[in-house]
Each structure stands twice: as structure tokens, then as C-alpha cells.
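In case you want the letters, here they are:
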Amino acid sequence: MKKTLLAVATLTLTTALIGCDAGGSKANIAIGPAASTTQKVSHMVLDAYGIGESDFNAYQERFGDALDGVQDGNIDISMGIMGLPAGSIESLQASSGDVVMLSLSDEVVDKIEKNSDYRRFIISKDSYKFLDKDVQTIAAFAVMMGNTNTINEEMGYQLAKVMYDQADQITHSQAKFLTLEHALNGSDSLKIHPGAKRFYEDKGLTVNMSVAELGDITAKQEFILGTGSQGGTYYPLGGEIATTWNNNIPGANFTNVETSASIENLIRIRDGKMDLGMSVHVPARNALEGTAEFEGSPVDNAAFIGQIYPEVVQIVSRSGNNVSSFESIKGN
């Protein structure tokens, strides 16, 4: 009987994961839901390695479902944008015992930094118990965006105030980044909500951002917060933030809903179907500028409330999957 080798290691994308089969079958790669930020970043990474859409089988899965596919052996590599550590990755390791996290090469990171707003980020080996060395990847920032047609100045002030002053009420691991030190990270090129600006200035921060103009707002009590998929970070963290707002802002009720994250949240804010949304700062900037996915239909009613945590691109596989390096995928 063959013994199964459970190798727990950190690999670079140029190291072997076990080669594609002799028949030349394509690798199965989960790139994120259609029109999601995850999918855009996945293509950016693959393009940097010279891998086109015809070189692999794309799975447009949410990260939780994608990791189920990795667990079952139906997906070779899953790419996601999450906080550190990601509970879904820890769960996969607990069930499989052979998770590997892939590191981006210097050349690929250099290309991405040159052509995008994503920046080099090191996942330290103490982020996950199964890592035996640091992992190089890229990251952006998760930010909270508010609808300037439904969030008035006082509510914007209270949203920011509770997020930071009451962050100790949030148990999620990413709450450690809800500090004034990090509050304005990811705000470049965004407009800030006037209420949030007033809060930060009350705390002694210098705010150099443009201030968003508020619409003709009618007082309301019920607010919708768009988060992300249940397998990621946005949904549980957003749920705790909503609970903290409910517990500390009298007369207001916040309901968090599952979505496909950044782009869907911004579109729903634009269309008046959502009051608040979590987003990576890059698509938030694209939304305000009417570029990339938002070309021809900018989101002119979304304003920055505050930074939530760094969004880290994490690429995982299993040591027994039938895939070699990303470079070899094109040849197969």
C-alpha cells in the first residue's frame, strides 16, 4: 500500500507542485467570481507569468467554494484576496494537512507594482502554522465606503467613531488593524465623507483628501452593509462591525448582507440599493473615476469612511495536486 506523503511547505510559483499529467490536461485554477476584484487580480498575476485564458481551466468560484474544490481535488490552485490569517485557509489545512501557499517571484511583483496600485507584501511565516518560510505576494487595503445620498454628516461621524473607538468589541483577527494609525490607509485618490473627516480631525489626524459632497438626505433608521462571501473575510468581519454599530449608535439598525464583495458593493451603492459597502481601495478609486470596470458609469455617490485592514492576495494549493509551476502551465 502506498503511503501518502503530507508535505506542508511554502512554495514559490517557480517551484514544482507536481507536474501536469502526460496527457497535457490543463490546470484548474479558481480565479474568483465573475466581475470580482479577485478575478481581476488573478488575471493580473497570470498575465505577469505569460499565462492566457486558453492555457488553463478557469473556475469562477467564491473563495469558500473554491477551497472546497481544492479539498476535493477538483481545483488545483485557488486565488483569493483576504486578511491574515484567513480562517478558510486554516480550515483547509486542518482537513487536508497538506496546504501549500505560493509565493510570487520578484519579477512578477515588479511588473504588478509598475502597472497597478497593488504593492509588495510579505506574509510572515508565523501567519499560519503550516508555513515554514515567509511568502511574497501583493496587497491592497480594504476600506469602508458610504453612500453620500443616504449617510448624512452626523452618521458618517458616528460610523467612523464607533469603528475605531469601539474596535475592542470586535473579536475578528483583522480588528487589530482598526486603529487611528491605519485609519487613512488606502484613501489615496478617494473622496472622504465629511462626517468621517470631522472625526479624524477631532482625533488630531491631518486629512488631505477631497471632501465628498452630500446629497439631499432624508433621515432613515435602516441601513444595509454589503460585505463579501461567507468563505472570505468581509462577511464575518462586516457582521461584527454592523453589530458594533447597532450596539453603539442609538436609533439606527445595520444589516450586513452577503455579496460578491468590492465591485458589487460599489455598484449597489451607485444604484441606491446599499448604504455602506466594503471594498478594496483600488476598485473604489476606479469607481469614483469611472475607469476599468466602471468605465462609462462612475460611482459619484460613494465616500471613504475608513480603512479596515490590509487585503492580501493569497494563493493556495495542496502538495498532491497535479500541477507543476505556473510557468509550465502555458506549455501544457
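Residues numbered from 1 in each chain as written. Predicted model: local features only at pLDDT ≥ 70, side-chain atom pairs only at ≥ 80, totals over all residues. Heavy atoms only, no water.

Any chance you could explain the side chain of Thr 137 here in plain terms?
Note that Thr 137 resides in strand E7 (residues 135-147). Among the residues examined, Thr 137 registers a relative accessible area of 1% and is labelled buried. At 2.6 Å, the side chain of Thr 137 and the backbone oxygen of Val 313 are in polar contact. Beyond its immediate stretch of four places on either side in the chain, Thr 137 contacts Leu 104, Val 109, Arg 119, Arg 120, Phe 121, Ile 123, Val 312 and Val 313. (Helix = DSSP H or I, 4+ residues; strand = E, 2+ residues; numbered from the N terminus. Buried < 20%, exposed > 50% of the residue type's maximum accessible area, 1.4 Å probe, protein only. Polar contact = N/O pair within 3.5 Å; in protein donor to acceptor, adjacent residues only side chain to side chain. Contact = heavy atoms within 4.5 Å.)

Help me understand the pairing of strand E4 (residues 77-82), please; the structure alone is not making it clear to me.
Two faces make up the sheet, and in a regular strand the side chains alternate between them. Counted residue by residue, E4 has six buried out of six residues, so it is predominantly covered. Where burial is concerned, the two faces of E4 agree: the one with Ile 77, Met 79 and Ile 81 and the one with Ser 78, Gly 80 and Met 82 are both buried.

Which parts of the structure should I look at to understand the layout of surface pockets?
Empty space among the atoms becomes apparent when a probe as large as a water molecule is rolled across them. Its volume calculated, the largest pocket comes out at about 190 Å³. Lining the largest pocket are Asp 117, Arg 119, Arg 120, Phe 121, Ala 139, Ala 140, Phe 141, Asp 188, Ser 189, His 281, Arg 285 and Pro 310. At the level of secondary structure, the elements contributing two or more residues to the lining of the largest pocket comprise strand E6 (119-123), E7 and helix H9 (281-289). Of the residues belonging to the lining of the largest pocket, the class tally is five nonpolar, two polar and five charged. (1 Å grid on protein atoms, 1.4 Å probe; cavity = no way out; pocket = protein on both sides within 12 Å on 5 of 7 lines; lining within 4 Å. Points joined across faces, edges and corners; volume = space filled by probe spheres on them. Nonpolar A, V, L, I, M, F, W, Y, C, P; charged D, E, K, R; others polar.)

What should I look at first to understand helix H6 (residues 194-202) in this one?
Think of an α-helix as 3.6 residues a turn; residues three or four steps apart then line up on the same face. Within H6, burial applies to Pro 194, Gly 195, Ala 196, Lys 197, Phe 199 and Tyr 200. Summarising the contacts, the buried residues of H6 are in contact with helix H5 (153-165), strand E8 (191-192), strand E9 (210-211) and strand E13 (302-318). Count one or two residues on from H6 and you reach Gly 204, which has phi positive near 90 degrees.

What am I meant to see in empty space enclosed by the protein here?
Tallied over the entire structure, the rule returns two cavities of 30 Å³ or more. Computed from the structure, the largest cavity encloses a volume of approximately 290 Å³. If you trace the largest cavity, you find 24 residues lining it, with Thr 38, Ile 81, Ser 229, Ser 260 and Ala 261 closest to the centre. Elements that contribute at least two residues to the lining of the largest cavity include exactly helix H1 (37-48), E4 and E13. Top contributing element to the lining of the largest cavity by residue count: E4, with four residues. Here the lining of the largest cavity is composed, by residue class, of nine nonpolar, 12 polar and three charged. Here the second largest cavity defines a volume of roughly 40 Å³. As for the second largest cavity, its lining consists of Thr 37, Lys 40, Val 41, Tyr 118, Val 282, Pro 283, Asn 286 and Glu 293. Secondary structure elements with two or more residues in the lining of the second largest cavity: H1 and H9. Of the residues assigned to the lining of the second largest cavity, the class counts are four nonpolar, two polar and two charged.

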